[in-house]
Amino acid sequence: RRQAFSCLSPRPCCGLLPPSCGLLPPLSALLSPLSALRQSAIPRLLLLALVPAMALASKQEALVASYKAAVAAHQASELDTALEHYRACVAIKSIPAVHNNMAAILLSQGDKAAAEENWRLAVEGKPDYAEAHFNLAVVLSESGDDAKLAEARRHCELAMEHKEGYVQAHHLMGNIRMSQGAQEEATGWYAKAEALGGSAAAPAPASFRWEGVEVGHVRTLRLPDGTSWSMQTLSLRPLSFLVRDFLSEDECERLIGLARPRLQQSLTMGNASASERTSESVFLPAAEDGLLRELQERLSALTRLPLQQVAGGEDIQLVHYSQGAAFGMHHDSSAFLPRLLTAFYYLNEVEGGGETAFPAADGAMSPDEALALAEPAAAGGGLVVKPARGAALLWYNHGEDGSRDACAVHAGCRVTAGEKWGANHWVRVRGATPGEEPSS
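Going along each chain's sequence as written, the residues are numbered from 1 onward. Given that the model is predicted, a residue must reach a pLDDT of at least 70 before its local features are reported, and side-chain atom pairs must reach 80 or more before they are shown or counted; all residues, however, enter totals for whole chains, interfaces and linings. Derived side-chain values reflect all non-hydrogen atoms in the structure, with water molecules and hydrogen atoms excluded from consideration.

1. Points about helix 7 (residues 146-162)
We count it as follows: Numbering of helices and strands runs from the N terminus; a helix is a DSSP stretch of H or I covering at least four residues, while a strand is a stretch of E covering at least two. To estimate the expected span of a helix, count its residues, drop one, and scale the result by 1.5 Å. A simple rule labels every residue: compare its accessible area, found with a 1.4 Å probe on the protein chains alone, to the largest value its type can have, and call it buried under 20%, exposed over 50%, or partly exposed in between. For this analysis, residues touch if any pair of their heavy atoms sits within 4.5 Å.
Helix length check: helix 7, at 17 residues, gives a terminal C-alpha distance of 25 Å against a target of 24 Å (1.5 Å per residue), a fit within 8%. Among all positions in helix 7, only Leu149, Glu151, Ala152, His155, Cys156, Ala159 and Met160 are buried. Along its buried surface, helix 7 packs onto helix 5 (112-125), helix 6 (130-141), helix 8 (167-179) and helix 9 (183-197).

2. Structural notes on the sheet that holds strand 7 (residues 327-330)
Put simply, the test is: Two strands qualify as a pair provided that DSSP identifies no fewer than 2 bridges between them. Convention adopted: a line fitted to C-alpha atoms gives each axis, helices being fitted over their contacting stretch, and angles between N-to-C directions are expressed from 0 to 180 degrees.
Ordered in space as 7-13-10-11, the four strands form an open sheet in which the pairing is antiparallel. Each edge of the sheet is formed by a strand with only one pairing partner; in this case those strands are strand 7 and strand 11 (383-385). On average, each strand axis in the sheet is inclined to that of its neighbour by 10°, with strand direction left out of account. As paired strands, strand 10 (residues 356-358) and strand 13 (residues 410-412) are joined by two bridges and run antiparallel to one another. In the strand pairing of strand 13, Ala357 is matched with Ala411.

3. Notes on the nonpolar core
Looking at soluble globular proteins, one finds that nonpolar side chains tend to be buried together. In plain terms, the rule: Here, nonpolar core refers to any group of buried Ala, Val, Leu, Ile, Met, Phe, Trp, Tyr and Cys residues whose side-chain atoms link them within 4.5 Å.
Tyr86, Val98, Trp119, Phe134, Cys156, Ala169 and Leu172 are the most contacted members of the largest nonpolar core, which has 42 residues in total. Looking at this core, the elements that each hand over two or more residues are helix 2 (44-75), helix 3 (79-92), helix 4 (96-108), helix 5, helix 6, helix 7 and helix 8. In this view, Cys156 contacts Ala137, Ala169, Leu172, Met173 and Ile176; residues no more than four positions away in its chain are not counted.

4. Thoughts on the confidence of the model for the chain
Heads up, the rule is: A score from 0 to 100, pLDDT tells how confident the predictor is in each residue.
Summary statistics for the chain give a mean pLDDT of 82 and a share of 80% for residues scoring 70 or more. Contacts for the low-pLDDT stretch residues 268-276, under 50 throughout, to residues beyond four places or in other chains number 31 contacts. In the model, residues 433-440 has pLDDT below 50 throughout and makes 40 contacts with residues more than four positions away in sequence or in other chains.

5. Digging into the pattern of salt bridges
The criterion, for reference: Any carboxyl oxygen of Asp or Glu that lies within 4 Å of a side-chain nitrogen of Lys or Arg is treated as forming a salt bridge with it.
What the rule picks out here adds up to 17 salt bridges. Linking Glu294 and Arg298 is a salt bridge whose minimum nitrogen-to-oxygen distance equals 2.4 Å. Within this pair, Glu294 and its partner Arg298 are both found in helix 11 (residues 290-303), separated by four residues, close to a single helical turn. On the accessibility criterion, Glu294 (36% relative accessible area) is partly exposed. Look at Arg298 and you get buried, because its relative accessible area is 12%. Residues Arg414 and Glu375 are paired through a salt bridge, measuring 2.9 Å at the closest nitrogen-oxygen approach. Separated by 39 residues along the polypeptide, Arg414 in the loop between strand 13 and strand 14 (415-417) and Glu375 in the loop between helix 13 (367-371) and helix 14 (376-379) bring together distant segments of the chain.

6. Here we look at the side chain of His410
Rules: N or O atoms within 3.5 Å of each other form a polar contact, as long as, within protein, one can give a hydrogen and the other can take it, and as long as residues adjacent in sequence are counted only when both atoms are side-chain atoms.
Looking at where His410 falls in the secondary structure, it is placed in strand 13. For His410, a relative accessible area of 4% gives the class buried. Side-chain polar atoms of His410 contact the backbone oxygen of Ala408, separated by 2.9 Å. Among all residues touching His410, those that are not within four sequence positions of it are Gly328, Met329, His330, Asp332, Ala357, Phe358 and Trp395.

7. Here's the deal with the side chain of Asp332
Convention followed: In this charge count, Lys and Arg are treated as positive and Asp and Glu as negative; neither His nor the chain ends contribute.
For Asp332, the position within the fold is in the loop between strand 7 and strand 8 (339-346). Arg339 provides the closest opposite charge to the buried, salt-bridge-free Asp332, at an N-O distance of 4.5 Å. A distance of 2.8 Å separates the side chain of Asp332 from the side chain of Thr342, its partner in a polar contact.

8. What about the environment of Glu253?
Summarising the element assignment, Glu253 is placed in helix 10 (residues 249-259). Sequence separation of Glu253 and Trp421 is 168 residues, and the distance between their C-alpha atoms is 9.7 Å.

Structural data, given as structure tokens:
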């Protein structure tokens, strides 16, 4: 769902102007030392007249210095330092791109109200700032409030108006219209996003990938702290694994407690109807709780991918299925939201149903046949994984050659008794992660 800040992603597009952007006029003529002026023949009255200009020059020098320091800190992921320098910038002059970057950091730290305020300042200062309109629309659309949904729609329209072919904004508009009950129109927006982004995701750059060996193969992974995991191969296409006891019972309960009061109706990648998306969900920024940051490190160790790649993508999405709820057939990766792999954490024991089904796994049926299934668990064949508290189901959405694996289409099957809690943890394709890092 978190198109967020595409860049749905996963974090907002910064669109930051470089230090040499020409915002500031040349200052060399204003920077002569006072001592030199005193020694010259310039009349005292003229000297006094130059003092305000020199004060302005000093402010502009401070602005440039703060801006450069902010960019350097931001690129080094020193977010508190970057935020401090960005604030020093806007204290001197309100710059839309700086407000946009500040908003991205504030959102990552869980301060949505301050992030929204800064994106409003960004679009107020630069009405044609497409990325800031888009980021503001994302935040507003997640509130669930009818008035804010309407406002999100307006900002999304402005984002598309000022940036031709804005794929992420088209997808966001689909989510907004779906939330407003306009399912048919939403489907049209999803189709436009797919058409603009291309029919298939671009090949993923090479990165570490576990060997499946064969279905049923078990390997033991030993961690630096002395603990170990057993990872079992469930299928070869898509390449999928099950890791039991990835989370403790206490950790599962903690995640559920963080999510329970903030759930909203889930949205899809665009190819499931409203009747197929009856789960609830919420995204939890890693800054909100130490466990969320620890899970980033844990998934990095499990996948042997750089922590920056894991942490720089989307927030963990907690999902809840009440009895009768399901999440229809879909693929997690697309041209405009390229997800290398998915880790799904099962957070409770489910009384009945709630399996994760891959009907096309290992050639059991074609992906198109799988996508047409209304009740994939009842179809038989393929891979069907039953929930087990604390287990992590890991699968690659892209094949070994980097292309999107069509066999990775899957569904969250209907809960027939009790309820189901889980968490999606997506890792973006390397180089496609729209993190907060600004361009310099």
